[in-house]
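Observations on the three-dimensional arrangement
Chain by chain, the residues:
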Amino acid sequence: MRDQVREWMPTGRTRAAMSKRLAAAAASMTTAALTQITDRYPWFSELDANNRASVTLVVRAGVDGFLDWFRGGAGSVEQPNIFASAPRSLMRQLTLQQTVDLIRTTVETVEEQISSQLPRSDRPTLTMAVLHYSREIAFDAAEVYARAAETRGAWDARLEALVMDAVVRGDADESVVSRASTLGWHSPRGLAVVLGDLPARDASLRDLRGAAARRGLDILAAGQGPRLVVLLGGDFTTEEEALAHASGLTSYFGAGPVVVGTVVPDLVEAVVSARAATSGRRAASAWVDAPRPVSARALLPERALAGDGHARRELAHDIYLPLAQHTGDLMRTLDAYWATGTSIEATARRLFIHANTVRYRLGRVEDLTGYAPSDPRGGYVLRLAGTLGRLLTEP
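What counts as what
Residues numbered from 1 in each chain as written. Predicted model: local features only at pLDDT ≥ 70, side-chain atom pairs only at ≥ 80, totals over all residues. Heavy atoms only, no water. Core = buried A, V, L, I, M, F, W, Y, C linked by side-chain atoms within 4.5 Å. Buried < 20%, exposed > 50% of the residue type's maximum accessible area, 1.4 Å probe, protein only. Helix = DSSP H or I, 4+ residues; strand = E, 2+ residues; numbered from the N terminus. Contact = heavy atoms within 4.5 Å. Pairing = 2+ DSSP bridges. Phe/Tyr/Trp six-rings, centres within 6.5 Å; stacked < 30°, edge-to-face > 60°.

1. Remarks on the nonpolar core
- Residues Leu315, Ile319, Leu323, Leu334 and Leu382 are the most contacted members of the largest nonpolar core, which totals 25 residues.
- Residue assignment for this core shows that the elements contributing at least two residues are α12 (300–305), α13 (309–324), α14 (330–339), α15 (344–351), α16 (355–369) and α17 (376–393).
- Per-element accounting of this core gives the leading share, six residues, to α13.
- Those residues within four positions of leucine 315 in sequence are excluded, and the remaining contacts are Leu300, Pro301, Ala304, Tyr320, Val381, Leu384, Ala385 and Leu388.
- Counting 22 residues, the second-largest nonpolar core is a separate cluster that includes Val230, Ala246, Leu249 and Phe253.

The following block contains the structure:
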């Protein structure tokens, strides 16, 4: 680029004389640029006094930088980034589009001032110089925002990891909720922790976040060793709805099981979901035909056998007790059903009741628990619930 500049850049006394005339017009250029920015962009007037002063500083640095750049022979000396003089708060306050508008307006105003305030003989050279210098400023702006984005991305990743660690450990309080909100968490209607293996590719999880956003879901995600812990939030309140949402995201996990924890209403209670998902992920390999994803509740038998006390109590209190306390002899019917090899007719003969009565009672069991005694998986859950229920609830 410097070789191209040397083709039209004047040398010696000519450049010195032009630089002197340009310096005389620099103050009016800065004033005119600020006037144009004020007239064109309402956002400038909405800034506080400190940030407006910072914008003024950047515009003045741009005009003065152009003068120094031209006087020095268009890049013969390394020029400082004009945004370096602005406080960091300004770069956080201005969007990239607003910064582009600021640069464009300043450059256009400088060109207009050159055309009206400087001799005709200077205009072609200075107009060409403005064109080249504006390219330098554009690269400066891109560097500033790229560095800011990189810093913000690293900070967000650390903050997200802290939030997810608090959720898993059960330390999610109001301060964690506040931190999550800075990451785009909107306190959705329901949320669930989803646990799986960390993918070998895309360590940034960019595709996972994009897929969740397209489905209208809030998401926080972090790797914890070989595991990928994801907090999904959205307009859902049931386990089935959470599974449906998670099923569209399983391809972004590693190859192992993907377990969806209990649905809870807010971030403070997310530990309940995380605990269930962690227990389910640990025990998932015991169910060879488990779907992917699978709910932690569907893994209750495996979790109970692996030593999860919460799973044992859920089987005993949420599945066994409703059956044992029902007035329709449901547990007695189930026991006879297992004892006769799941034969409805043999069960009826054993209990001296009609076969349709057996069918009715088995149907009531499914209504109360969600598990069908005739289904192999449902029968397994019900039998284990009966065993644990008698051990934990009966003297």
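From this point, the narrative continues.
2. A look at the pairing of strand β3 (residues 227–234)
- Most of β3 sits inside the fold, with seven of its eight residues counted as buried.
- Direction of pairing for strand β1 (residues 190–197) relative to β3: antiparallel, over a ladder of eight bridges. Within β3, the position partnered with leucine 195 by the bridge is valine 229.
- With antiparallel pairing between neighbouring strands as the criterion, strand β2 (residues 218–224) and β3 make up a hairpin whose turn holds two residues, including glycine 225 at a positive phi of roughly 65°.

3. Thoughts on the pairing of β2
- With six of seven residues buried, β2 lies mostly within the body of the structure.
- Judged from the seven bridges that link them, β2 and β3 form a sheet pairing that is antiparallel. The residue bridging isoleucine 219 from the neighbouring strand is leucine 232, located in β3.

4. What about the packing of aromatic side chains?
- In this structure the tally under the stated criterion is three aromatic pairs.
- Ring centres 6.4 Å apart and planes at 80° place the aromatic pair tryptophan 43 and phenylalanine 44 in the edge-to-face group.
- Among the residues examined, tryptophan 43 registers a relative accessible area of 14% and is labelled buried.
- Classification of phenylalanine 44 by relative accessible area gives buried; the value is 7%.
- Seen from their ring centres, tyrosine 337 and tryptophan 338 are 5.4 Å apart, and the 55° between their planes marks the pair as tilted. An identical accessibility class is assigned to tyrosine 337 and tryptophan 338; each is buried.
- Three or more aromatic residues link up through ring pairs in this structure, and these residues are Tyr41, Trp43 and Phe44.

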